[in-house]
Amino acid sequence: MKALTFKRYGKSPEIGITDLPRPALKADEMLVQVYAAGLNPIDNMIPTGMFKPVLHFQLPATLGSDLAGVVTEVGSQVTRFKPGDAVFASIFDHGSGSLAEFAVVPERAAALKPANLDFVQAASIPMVGLTSWQALKERANLQAGQKVFIPAGSGGIGTFAIQLAKLLGAKVGTTVSTGNIELVRELGAD
């Protein structure tokens, strides 16, 4: 299978298309044919080596974190998915990437793709959605009636965080350029 990989850390990571063997599955994993992959700023930082102490990749390593695609094979302990299911997932810290023809996805990291989203839309959600949830719900424990300030409201995380904060019942303030004021208002910013 073809994958976008980097071969070493640093200023010249040798990023390119590489032919890799089709991955083998563990019992709790599934093989997903990738239809779309989402890119996040951290995906560009990983080859620099900045996260090498906490993220462990075997080189050459496949780039990318977020994906949407169709399950082609499941491990013996996978119970929530079957071949043919359309899914989306973040495999950010699982040691392999999403910019490939196929990706190994742990069952716990995936969800069924909502029918009203295409694959590109679904692949854009995992990391920004998880980041927004962790910040607003798990860390800040945002409650209905509270006020929250979300900087850069028209960015990837900002657009998701505004909607989540409104869903949680908060009053939302944000910053944007003049050209994006209407966008953030449509998303729910006060």
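The structure contained in this document is the topic of the report that follows.

1. Overview of the overall build of the chain
Phase 1 of the analysis: The helix and strand tally for the chain stands at five helices and ten strands.
Phase 2 of the analysis: Taking the principal axes of its C-alpha atoms as reference, the chain extends roughly 50 × 40 × 30 Å.
Phase 3 of the analysis: Taking contacts inside the chain between residues at least 6 apart in sequence as the whole, the part at least 24 apart equals 67%.
Phase 4 of the analysis: When the accessible surface of the chain is split by element, carbon and sulfur atoms take 55% of a total near 10,400 Å².

2. Regarding the packing of aromatic side chains
Phase 1 of the analysis: Under the definition given, this model contains three aromatic pairs.
Phase 2 of the analysis: With a centroid separation of 5.3 Å and an interplanar angle of 65°, the aromatic rings of Phe6 and Tyr9 are classed as edge-to-face.
Phase 3 of the analysis: Stacked on the ring of Phe119, the Lys or Arg Lys113 has its end atom at 5.0 Å from the ring centre.

3. Describing the sheet that holds strand β1 (residues 2-6)
Two pairing modes exist for strands in a sheet, parallel and antiparallel, and in both the strands are linked by backbone hydrogen bonds.
Phase 1 of the analysis: Pairing is antiparallel in the open sheet, where three strands are placed in the order β2-β1-β4. Every other strand in the sheet has two partners, leaving β2 (16-19) and β4 (61-62) as the edge strands with one partner each.

4. Things to note about the packing of helix α3 (residues 126-139) against helix α4 (residues 156-167)
Angle between the axes and distance between the axes are the two parameters that describe a pair of packed helices.
Phase 1 of the analysis: For the pair α3 and α4, the least separation of the axes is 9 Å and the interaxial angle reads 50°. Judged by the angle between their axes, α3 and α4 are oblique. Considering how the two elements wind past one another, α3 and α4 form a crossing that is right-handed. Listed contacts from α4 to Val128, Gly129, Thr131, Ser132, Trp133 and Leu136 of α3 are Gly156, Ile157, Phe160, Ala161, Leu164 and Ala165.
Phase 2 of the analysis: Within the contact of α3 with α4, the residues separate by chemical class into eight nonpolar, four polar and no charged.

5. With respect to the pattern of salt bridges
Phase 1 of the analysis: Applying the stated criterion across every chain, the model contains six salt bridges.
Phase 2 of the analysis: Across the pair Asp190 and Lys166 runs a salt bridge whose closest N-O atoms are separated by 3.1 Å. With Asp190 in the segment after α5 (181-187) and Lys166 in helix α4, the pair connects residues that are 24 residues apart, well separated along the chain.
Phase 3 of the analysis: Overall, Lys166 belongs to the partly exposed group, its relative accessible area being 29%.

6. Here we look at α4
Phase 1 of the analysis: Given a rise of 1.5 Å per residue, twelve residues ought to cover 16 Å, and the 17 Å separating the end C-alpha atoms of α4 matches this to within 8%.
Phase 2 of the analysis: For α4, the full list of buried residues reads Gly158, Thr159, Ala161, Ile162, Leu164 and Ala165.
Phase 3 of the analysis: Here the buried face of α4 lies against α3, β9 (147-150), β10 (171-174) and α5.
Phase 4 of the analysis: Positive phi appears at Gly169, one or two residues downstream of α4, with a value of about 90°.

7. A short note on the sheet that holds strand β6 (residues 86-90)
Phase 1 of the analysis: The five strands are arranged β7-β3-β5-β6-β8 in an open sheet whose pairing can be described as antiparallel. Sheet topology places β7 (102-106) and β8 (110-112) at the edges, where each strand pairs with a single neighbour. With strand direction ignored, the average angle separating the axes of adjacent strands in the sheet is 45°.
Phase 2 of the analysis: Here three bridges tie β6 to β8, and the two strands are oriented antiparallel to one another. Across the sheet, the residue bridging to Ala89 is Ala110, located in β8.

Cut-offs used in this document
Residues numbered from 1 in each chain as written. Predicted model: local features only at pLDDT ≥ 70, side-chain atom pairs only at ≥ 80, totals over all residues. Heavy atoms only, no water. Helix = DSSP H or I, 4+ residues; strand = E, 2+ residues; numbered from the N terminus. Contact = heavy atoms within 4.5 Å. Areas by Shrake-Rupley, 256 points an atom, 1.4 Å probe, with all protein chains shown as cover. Phe/Tyr/Trp six-rings, centres within 6.5 Å; stacked < 30°, edge-to-face > 60°. Lys NZ or Arg CZ within 6 Å of the ring centre and 35° of its normal. Pairing = 2+ DSSP bridges. Axes fitted to C-alpha atoms, helices over the stretch in contact; angles between N-to-C directions. Parallel < 35°, antiparallel > 145°, perpendicular 65-115°, else oblique. Left-handed = near helix turned anticlockwise from the far one by under 90°. Nonpolar A, V, L, I, M, F, W, Y, C, P; charged D, E, K, R; others polar. Salt bridge = Lys/Arg side-chain N within 4 Å of Asp/Glu carboxyl O. Buried < 20%, exposed > 50% of the residue type's maximum accessible area, 1.4 Å probe, protein only. Expected span 1.5 Å × (residues − 1).

Everything listed here is a matter of coordinates, which is why it stays silent on function.
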